[in-house]
Amino acid sequence: MPTDYYFPGNGTGVINTCLGICDENRRLTGGWVNRVSIKSIHDGTTNTFLAGEMHIPIEQLNTVPYNGPIYNGQELVAHTRIGGPGVPILSSSEEPGFLFGFGSWHPGVCNFVFGDSNTRSVRNSVDTILLGNLCHRNDGQIADLN
């Protein structure tokens with residue numbers, strides 16, 4: 001669901017929020033309830049997106065959180081992306097699109113890093129069902145871009 005990424009542990013991708021082990025609203029040392037590990041990518045690292053270019057409308061360039069760093073994890077908008085039916089890859093700075101969607105200003109393609117560290121350019125016109133399969137780490141659908 002497009003809203004799953006809001007709630008820790010509900011994301012179906014590889015990089016998502018998770019719940020710390022807590023006791024009476026206090027974070028305990030010892031780990032995470034639902035951390036995603038390499039073993040959690042049941043569809044295979046070759047068939048699953050790790051990260052992709054984020055769609056940034058031209059009026060949001062250099063504006064945090066819309067164009068913030070993916071690595072700090074502070075702003076959901078900066079590090080969370082979804083794709084699939086109803087949320088295609090966007091191809092223009094002029095498209096308003098979905099705030100959490102993938103997109104690129106590269107003509108006709110958007111660049112992605114897969115779980116196996118392979119990088120590939122994916123056509124913006126890719127079928128949205130296939131896009132959703134590539135975004136999901138364990139839906140049982142082996143996504144093939146060939």
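The preceding data block contains the structure.
Every chain is numbered independently, its residues counted from 1 as its sequence is written. Reporting of local features is limited, given that this is a predicted model, to residues whose pLDDT is at least 70; pairs of side-chain atoms are given and counted only at 80 or more, and all residues count toward the totals for whole chains, interfaces and linings. Calculated side-chain values reflect all of the structure's heavy atoms, with hydrogen atoms and water omitted.

## Description of a nonpolar patch on the surface
Taken together, the side chains of I58, L61 and W105 define a hydrophobic patch exposed on the protein surface, amounting to about 280 Å² of accessible area. Note on placement: I58 falls in the loop between β3 (49–52) and α1 (76–79). Judged by relative accessible area, I58 falls into the partly exposed class, the value being 41%. What goes into a patch is any residue over 30% in relative accessible area without a salt bridge, connected to like charges within 9 Å or, for nonpolar side chains (Val, Leu, Ile, Met, Phe, Trp, Tyr), within 5 Å. Using a 1.4 Å probe, the Shrake-Rupley method yields the accessible areas, and only the shown protein chains count as cover for residues. One side-chain nitrogen of Lys or Arg within 4 Å of one carboxyl oxygen of Asp or Glu is enough to make a salt bridge. Note on conventions: DSSP H or I runs of at least 4 residues are helices, E runs of at least 2 residues are strands, and numbering of each starts at the N terminus. The classification of residues rests on relative accessible area computed with a 1.4 Å probe and restricted to protein chains. Under 20% of the type maximum is buried, over 50% is exposed, and intermediate values are partly exposed.

## Considering the packing of aromatic side chains
For any pair of aromatic rings, the description rests on two quantities: the centre-to-centre distance and the angle between the ring planes. Paired rings are identified among Phe, Tyr and Trp, the last through its six-membered ring, by centres lying within 6.5 Å, and are further divided according to the angle between planes into stacked (under 30 degrees), edge-to-face (over 60) and tilted (the rest). Applying the stated criterion across every chain yields a total of 4 aromatic pairs. An angle of 65° between the planes, with centres 6.1 Å apart, marks the rings of F49 and F102 as edge-to-face. Pair noted here: F49 is in strand β3 and F102 is in the loop between α1 and β4 (109–114), with a separation of 53 residues, a long-range link. In terms of burial, F49 and F102 fall into one category: buried. Relative to F112, the ring of F102 has its centre 4.9 Å away and its plane inclined at 65°; by these criteria the two rings are edge-to-face. You can see F102 sitting in the loop between α1 and β4 and its partner F112 sitting in strand β4, a full 10 residues away along the chain. Aromatic rings pair up to connect F49, F102, F112 and F114 into one cluster.

## Notes on helix α2 (residues 128–135)
Of all 8 residues that make up α2, 6 are buried, and the element is covered over most of its length. Of the residues making up α2, those classed as buried are L130, L131, G132, N133, L134 and C135. The contact rule is simple, with two residues in contact once any of their heavy atoms fall within 4.5 Å. Its buried side turned inward, α2 meets β3 and β4. Put simply, D127 is the residue that caps the front of α2, since its side-chain oxygen is 3.0 Å from the backbone nitrogen of I129. Polar contacts, as used here, are pairs of N or O atoms within 3.5 Å; protein pairs need one atom able to donate a hydrogen and one able to accept it. Residues neighboring in sequence count only if both atoms are side-chain atoms.

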